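# Geometric and topological summary
Below are the chains, spelled out letter by letter.
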Amino acid sequence: MQNVTPMLARKDERTPDEPRSSLPGGVIGFLSYWCALAIPFVLYGSNTLFFFLYTWPFFLALLPVSVLIGIVLSLMFRTHLFWSAIVTTAVVICLFWLLFSFLSGW
C-alpha cells in the first residue's frame with residue numbers, strides 16, 4: 001500500500017503571478033461586446049435595428065475578437081481584474097464604434 005499524503009499535501013505549482021484561468025477575461029470580453037452593442041441603440045433608438053439587419057455579420061465577427069481581447073488583457077494585467085475590465089471595455093467599445101462609423105459612412 002502506498003502513502004498518498006504527499007499528493008494531498010502538494011501545493012499548487014503555479015507562481016503567484018500566473019493566473020488560474022482565462023475564463024474571467026473571456027467573460028469580461030463577452031460582456032463588453034454586449035455593452036458596446038447596446039450603445040448605438042441608446043443613442044439612435046430603434047432605427048439602429050434596421051441598420052444591424054443588413055450589417056450583422058460584421059458586428060457578429062467582433063464577438064470572438066472581443067472575447068480574445070478580454071483574455072489577452074486579463075493575462076497581461078494578471079491580478080488586476082478591475083483594470084483589465086476597464087481597459088477591455090474601452091477597447092471593445094472603440095473597436096465597435098470604429099466599425100459602426102465605418103459602415104454607416106460618418
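Residues numbered from 1 in each chain as written. Predicted model: local features only at pLDDT ≥ 70, side-chain atom pairs only at ≥ 80, totals over all residues. Heavy atoms only, no water.

Membership of the largest hydrophobic core comes to 13 residues, with the highest contact counts inside it found for Tyr33, Leu37, Phe52, Phe59, Leu62 and Phe96. Of all the secondary structure elements, the ones that give two or more residues to this core are helix 2 (23-44), helix 3 (47-60), helix 4 (62-77) and helix 5 (81-104). In this structure, Phe59 is in contact with Tyr33, Phe51, Phe52, Phe96, Leu99, Phe100 and Leu103, ignoring residues within four places of it in sequence. (Core = buried A, V, L, I, M, F, W, Y, C linked by side-chain atoms within 4.5 Å. Buried < 20%, exposed > 50% of the residue type's maximum accessible area, 1.4 Å probe, protein only. Helix = DSSP H or I, 4+ residues; strand = E, 2+ residues; numbered from the N terminus. Contact = heavy atoms within 4.5 Å.)

Along the chain, Ser66 turns up in helix 4. The contact partners of Ser66, leaving out residues within four places of it in the chain, are Gly29, Tyr33 and Val92.

Between helix 2 and helix 4, whose axes approach to 7 Å, the crossing angle comes to 135°. Put simply, helix 2 runs oblique to helix 4. Note on packing geometry: the crossing formed by helix 2 with helix 4 is right-handed. Contacts from Gly25, Gly26, Gly29, Phe30 and Tyr33 of helix 2 reach helix 4 at Leu62, Leu63, Ser66, Val67, Gly70, Ile71 and Ser74. Across the contact of helix 2 with helix 4, the residue classes break down as 6 nonpolar, 6 polar and no charged. (Axes fitted to C-alpha atoms, helices over the stretch in contact; angles between N-to-C directions. Parallel < 35°, antiparallel > 145°, perpendicular 65-115°, else oblique. Left-handed = near helix turned anticlockwise from the far one by under 90°. Nonpolar A, V, L, I, M, F, W, Y, C, P; charged D, E, K, R; others polar.)

Helix 5 packs onto helix 4 with a crossing angle of 150° between their chain directions and a minimal axis gap of 9 Å. Viewed along their axes, helix 4 and helix 5 adopt a mutual orientation that is roughly antiparallel. Considering only the axes of helix 4 and helix 5, their crossing is right-handed. Of the residues in helix 5, those in contact with Leu62, Val65, Ser66, Ile69, Gly70, Leu73, Ser74 and Phe77 of helix 4 are Trp83, Ser84, Val87, Thr88, Val91, Val92, Leu95, Phe96 and Leu99. Grouping the constituent residues of the contact of helix 4 with helix 5 by class yields 12 nonpolar, 5 polar and no charged.

Between its terminal C-alpha atoms helix 5 stretches 34 Å, which fits the 34 Å expected from 24 residues at 1.5 Å a residue. Among the residues of helix 5, those classed as buried are Ser84, Thr88, Val92, Phe96, Leu99, Phe100 and Ser101. Those residues of helix 5 that are buried are in contact with helix 2, helix 3 and helix 4. Looking one or two residues beyond helix 5, the residue adopting positive phi is Gly105, at roughly 80°. (Expected span 1.5 Å × (residues − 1).)

Take it as geometry only, folks, not as evidence of what the structure does.
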